[in-house]
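An overview of the molecular structure
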Amino acid sequence: MIPFIGIRLRLLFGLIALCTSITTTSAEEFAYSISDNQVTITGYSDWRSYKPVTIPATIEGLPVTKLAEGLFAGSNLTEITIPDTISSIPEVTFRNCSSLTKITIPESVTRIGYQTFEGCTNLAEIILPANITSIAAYTFSECTSLITISIPDGVTSIATGAFSNCTSLAEITLPKSLTEISSYTFDFCINLKESKRY
């Protein structure tokens with residue numbers, strides 16, 4: 001009986017270790033550079049793995065303040081959490097992350113670059129930070145699972161093709177601050193039935 005219990009315990013601890021390795025992100029998985037006592041993440045090594053990723057707020061005791069353009073493009077991450085040390089998400093950062101289902105963007109973010117989430121075909125919901133002032137070109141293009149989205153008050157413009165080919169998008173809430181909607185913004189949004197102003 002004792003050996004059998006020992007085997008079960010080893011299996012249990014092995015499963016716990018496996019789950020821990022799947023759901024955590026270590027600083028060693030990121031390439032980075034340091035300038036002026038601030039960290040820029042320039043690469044991510046485990047892009048083939050289907051797992052949640054948390055971007056660290058600090059590396060080597062210094063704040064992570066920048067992400068490289070296209071950092072996670074084409075990777076298999078399923079969820080992403082961005083720390084509140086980041087103020088800008090650069091261009092094509094998550095482009096074609098087709099397994100991405102959830103993203104947590106902090107209120108510290110004031111800018112989201114063009115094509116940032118283009119082709120994130122499993123992203124069904126996203127909450128935009130309150131301090132952005134524009135939606136860049138093709139930011140959510142081809143997010144075919146996106147059903148509803150609310151644009152924060154303070155956004156004044158939505159650029160070309162920002163929501164084009166969002167074929168599941170049924171409802172969008174627009175702020176009173178919005179003064180410009182560019183061409184092709186909602187092209188091929190075949191299920192878009194309602195837009196609200198607040």
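In this numbering scheme, every chain counts its residues from 1 along its sequence in written order. Residue-level local features of this predicted model are given only where pLDDT is at least 70; pairs of side-chain atoms are given and counted only at 80 or more, and the full residue set underlies all totals for whole chains, interfaces and linings. To get the side-chain values, take all heavy atoms of the structure and skip hydrogens and water.

Before going further, it helps to examine the overall build of the chain. A tally of regular secondary structure across the chain gives one helix and 15 strands. Partly exposed residues are those whose accessible area sits between 20% and 50% of the maximum for their type, while under 20% is buried and over 50% is exposed, using a 1.4 Å probe and protein chains only. The buried share of the chain, reckoned over its 198 residues, is 40%. In this analysis, two residues are considered to be in contact whenever any of their non-hydrogen atoms come within 4.5 Å of each other. Taking the contacts inside the chain whose residues are at least 6 apart along the sequence as the reference set, 30% of them involve residues at least 24 apart. We count a stretch as a helix when DSSP gives it H or I for four or more residues in a row; a strand needs E for two or more, and each element gets its number in order from the N terminus.

What follows concerns the sheet that holds strand β1 (residues 30-35). Sheet architecture is open: four strands sit in the order β1-β2-β5-β4, paired in mixed fashion. What marks the edges here is a single partner per strand, and that holds for β1 and β4 (58-59). For strand β2 (residues 38-44) and strand β5 (residues 62-67), the ladder comprises three bridges, and the chain directions are parallel. Note that in β5 the partner of Thr40 across the bridge is Lys66. Here the rule is simple: two strands pair whenever DSSP picks up at least two bridges between them.

Attention now moves to the packing of aromatic side chains. Side-chain rings of Phe, Tyr and Trp (the six-membered ring for Trp) are treated as a pair once their centres are within 6.5 Å; stacked means planes under 30 degrees apart, edge-to-face means over 60, and tilted covers the remaining angles. Overall, the coordinates contain eight aromatic pairs when judged by the stated rule. Between Tyr44 and Phe72 the ring centres are 5.3 Å apart and the planes differ by 55 degrees, which places this aromatic pair in the tilted class. Of this pair, Tyr44 sits in strand β2 while Phe72 sits in the loop between β5 and β6 (79-81), and the two are 28 residues apart along the sequence. For the ring pair Phe117 and Phe140, a centre distance of 5.5 Å and an interplane angle of 5 degrees mean the geometry is stacked. Within this pair, whereas Phe117 is found in the loop between β9 (111-112) and β10 (134-135), its partner Phe140 is found in the loop between β10 and β11 (148-150), the two being separated by 23 residues in sequence.

What follows is about the nonpolar core. What we call a nonpolar core is a set of buried Ala, Val, Leu, Ile, Met, Phe, Trp, Tyr and Cys residues that are connected through their side-chain atoms within 4.5 Å. Among the nonpolar cores identified, the biggest contains 46 residues, and Phe72, Phe94, Phe117 and Phe163 are the most heavily contacted of them. Among the elements of the structure, β2, β5 and β13 (171-174) are those that each provide at least two residues to this core. What Phe94 contacts, discounting residues up to four positions off in sequence, is Phe72, Ala73, Ile80, Ile82, Ile89, Leu100, Ile103, Thr116, Phe117, Glu118 and Cys120.

With that out of the way, let us pick up the environment of Pro129. You can see Pro129 is positioned in the loop between β9 and β10. In this structure the C-alpha to C-alpha distance between Pro129 and Pro106, which are 23 residues apart in sequence, comes to 6.4 Å. Ignoring anything within four residues of it in the chain, the contact list for Pro129 reads Ile105, Pro106, Glu107, Val109, Ile112 and Pro152.

With that settled, consider the pattern of salt bridges. In a structure, side chains of opposite charge can pair up when their charged atoms sit close to one another. We define a salt bridge as a contact between a side-chain nitrogen of Lys or Arg and a carboxyl oxygen of Asp or Glu at a distance within 4 Å. Throughout the structure, instances matching the rule amount to four salt bridges. When the shortest N-O distance is used, the salt bridge between Glu29 and Lys51 registers 3.1 Å. Pair noted here: Glu29 is in the loop between α1 (2-23) and β1 and Lys51 is in the loop between β2 and β3 (52-54), with a separation of 22 residues, a long-range link. Lys51 is the partner of Asp46 in a salt bridge, and the nearest nitrogen-oxygen pair spans 2.9 Å. Residues joined by salt bridges that share partners form a network here, namely Glu29, Asp46 and Lys51.

An order of β10-β12-β14 is seen for the three strands of this open sheet, with the pairing classed as parallel. The open sheet terminates on both sides in strands that have one partner only, identified here as β10 and β14 (180-181). Of the pairings in the sheet, the one linking strand β12 (residues 157-158) to β14 comprises two bridges and is parallel in character. Its bridge partner being in β14, Ile158 is matched across the sheet by Ile181.

Across a regular strand the side chains alternate sides, sitting on one face of the sheet and then on the other. Two elements, β1 and β2, share six bridges in a ladder whose sense is antiparallel. Among the inter-strand pairings, Ser33 is bridged to a residue of β2, identified as Thr40. Between β1 and β2, which pair antiparallel and follow one another directly, the connecting turn spans two residues, one of which, Asp36, has a positive phi of 55 degrees.

Confidence of the predictor at the level of single residues is given by pLDDT, which spans 0 to 100. Mean pLDDT over the chain: 89, with 85% of residues reaching 70 or higher. Taken as a whole, residues 4-23 scores under 50 in pLDDT and shows four contacts with residues more than four places along the chain or in a different chain.

Here we take up the state of the cysteines. Cysteine sulfurs are considered disulfide-paired once they come within 2.5 Å of each other. Here the structure, examined in full by the defined rule, presents zero disulfides. This cysteine, Cys166, is not joined by any disulfide, and Cys189 carries the nearest cysteine sulfur, 5.1 Å off. Judged by its relative accessible area of 0%, Cys166 is buried. Given the relative accessible area of 9%, Cys189 is considered buried.

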